[in-house]
Amino acid sequence: MDLVQLEIFKAVAEQGSISAAAQLIHRVPSNLTTRIKQLEQDLGVELFIREKSRLRLSPAGWNFLGYARRILDLVQEARATVAGEEPQGAFALGSLESTAAVRIPALLAAYNQKHTKVELDLSTGPSGTMIEGVLSGRLTAAFVDGPVLHSTLEGVAVFEEEMVVIAPLHHAPITRGQDVNGENIYTFRSNCSYRHHFERWFSQDGAAPGRIFEIESYHGMLACVSAGAGLALMPRSMLENMPGFAAVSVWPLADSYRVLNTWLIWRRGTVSQSLNSFVKLLEERDLIAP
């Protein structure tokens, strides 16, 4: 196994075909086919499922892709470090939607201005999706609801979020789960940590929501709640930055459920120059919790 094989494998995996990967890395298709077969023979597994003109990663291929990405990133990082270069190259950052909207825009702007050679790529989604991205190597780091208890991940606490229940404007007071037992709620998908938090809040009081509607954005949740269709849980910082937030009533949770911490996480032992510089910027702005 060599670096050329890893680069070819990564290109084919991401492009989904030999011909597209060959155009991307400027090699003839037959060379890619040969090197992929050699790599599979070396590993003793099939990395791809062949389907006519397309290739689909096998389960073993998906696992190997994460390792290949990290190895190639480390090689690039080592070269830059030895050469004494400033951070450069791709920096794939994941984030909760609320964090991306409210907490980090100024931070990302400052980072871009300071490290102009870094290609910052931001993607957003629920905590579960972001954690999977870091574990697979698709993301260098991500802001998630934490702490995350995983043997291959580490990170730092960055932001505190006060979580609030929003309800239609003239809703009766909400102080506990039993006050809204059986009412409909609006949440993100099932891998959203905030959704799990909301469901636990109901459950600890012997209550349960009615129907659970999955919504793709906080703005959508706010619109549904303001129309009188149900309840939602969100960070107060996000709510107060959305137009129309005065059209709903806002109810804080009990102390044991009120505050959640947002963490920046990354794979243990794979800190790059780009990530080091990002963490340093967080420290300079006193955003990392002691």
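The shown structure was predicted, so the numbers you read here are calculated from the model rather than taken from an experiment.

Enquirer: What should I look at first to understand the confidence of the model for the protein in this one?
Expert: Residues shown with low pLDDT carry predicted positions that ought not to be read at fine detail. Here the protein averages 90 in pLDDT, and 97% of its residues register 70 or above. The secondary structure element of the protein with the lowest average pLDDT is helix H4 (residues 59-82), at 80, and the one with the highest is strand S9 (residues 231-235), at 97.

Enquirer: Hey, could you run me through the nonpolar core in this one?
Expert: Note on soluble globular proteins: their nonpolar side chains tend to be buried together. Counting 33 residues, the largest nonpolar core has Ile166 and Trp201 as its most contacted members. For this core, the elements supplying multiple residues, two or more each, are strand S6 (153-168), strand S7 (185-187), helix H8 (193-203), helix H9 (218-226), S9 and helix H10 (236-239). Of the residues forming this core, the biggest block, five residues, is contributed by S6. Other than its neighbours up to four places away in sequence, Ile166 contacts Leu222, Val225, Gly230, Leu231, Ala232, Met234, Leu239, Val248, Ser249 and Val250. The next biggest cluster of nonpolar side chains, apart from the first, holds 21 residues, and it includes Leu108, Tyr111, Val156 and Leu281.

Enquirer: Where do I start with the packing of helix H1 (residues 3-15) against helix H2 (residues 18-25) in this structure?
Expert: In a packed pair of helices, the relevant descriptors are the angle between the two axes and the axis-to-axis distance. With their axes 8 Å apart at the nearest point, H1 and H2 run at an angle of 125 degrees to one another. The pairing of H1 with H2 is recorded here as oblique in orientation. Like other packed secondary-structure pairs, H1 and H2 cross with a definite hand, here right-handed. Taking contact as the criterion, the partners of Ile8, Ala11, Val12 and Gln15 in H1 are, on H2, Ile18, Ala20, Ala21, Leu24 and Ile25. Residues belonging to the contact of H1 with H2 are distributed by class as follows: eight nonpolar, one polar and no charged.

Enquirer: For this particular structure, what's the right way to read empty space enclosed by the protein?
Expert: Rolling a probe over the atoms, with the probe sized like a water molecule, indicates the empty space that remains. Within the structure shown, the criterion is met by two cavities of 30 Å³ or more. Of the voids in this model, the largest cavity is the one considered here, and its volume is about 50 Å³. Contributing to the lining of the largest cavity are Tyr186, Thr187, Phe188, Cys192, Tyr194, Arg195, Phe198, Tyr218, Met221 and Leu233. Listing elements by their share of the lining of the largest cavity, those giving two or more residues are S7, H8 and H9. Lining the second largest cavity are Ala110, Tyr111, Lys114, His115, Ser277, Leu281 and Glu284. Here the residues of the lining of the second largest cavity sort into three nonpolar, two polar and two charged.

Enquirer: I'm lost on the pattern of salt bridges in this one. Help?
Expert: Counting across every chain of the model gives 13 salt bridges. Note that Arg50 is salt-bridged to Glu40, the shortest N-O span being 3.0 Å. In this pair, Arg50 is assigned in strand S1 (residues 48-51) and Glu40 in helix H3 (residues 29-43), connecting sequence segments ten residues apart. A relative accessible area of 9% means that Glu40 is categorised as buried. When salt bridges that share partners are traced, they join Lys10, Glu14 and Arg69 into one network.

Thresholds applied
Residue numbers run consecutively from 1 along every chain, following the written order of its sequence. Given that this is a predicted model, residues contribute local features only at a pLDDT of at least 70 and side-chain atom pairs are listed and counted only at 80 or more, while totals for whole chains, interfaces and linings are drawn from all residues. Note that the side-chain values use all heavy atoms of the structure and ignore hydrogens as well as water. pLDDT: the predictor's confidence for each residue, scored from 0 to 100. For the purposes of this entry, the term helix denotes a DSSP run of H or I that reaches at least four residues, the term strand denotes a run of E that reaches at least two, and both are numbered from the N terminus. Residues belong to a common nonpolar core when they are buried Ala, Val, Leu, Ile, Met, Phe, Trp, Tyr or Cys residues joined through side-chain atoms within 4.5 Å. Note on classification: 1.4 Å probe, protein chains only; a residue is buried when its accessible area is under 20% of the maximum for its type, exposed when over 50%, partly exposed between these limits. Whether two residues are in contact is decided by their heavy atoms, any of which lying within 4.5 Å being enough. Here the axes come from fitting lines to C-alpha atoms, over the contacting stretch only for helices, and the angles between their N-to-C directions go from 0 to 180 degrees. An angle below 35 degrees is treated as roughly parallel, one above 145 as roughly antiparallel, one from 65 to 115 as roughly perpendicular, and anything else as oblique. The sense of a crossing depends on the near helix, which, turned anticlockwise from the far helix by less than a right angle, makes the crossing left-handed and, turned clockwise, makes it right-handed. Only Asp, Glu, Lys and Arg are considered charged, only Ala, Val, Leu, Ile, Met, Phe, Trp, Tyr, Cys and Pro nonpolar, and every remaining residue, Gly among them, polar. As defined here, a cavity is a set of points on a 1 Å grid over the protein atoms alone where a 1.4 Å probe fits but cannot get out. A pocket is an open set with protein on both sides within 12 Å along at least five of seven lines, and residues line them when an atom is within 4 Å of a point. Grid points are joined across faces, edges and corners, and a volume is the space filled by probe spheres set on the points. A pairing counts as a salt bridge when a side-chain nitrogen of Lys or Arg comes within 4 Å of a carboxyl oxygen of Asp or Glu.

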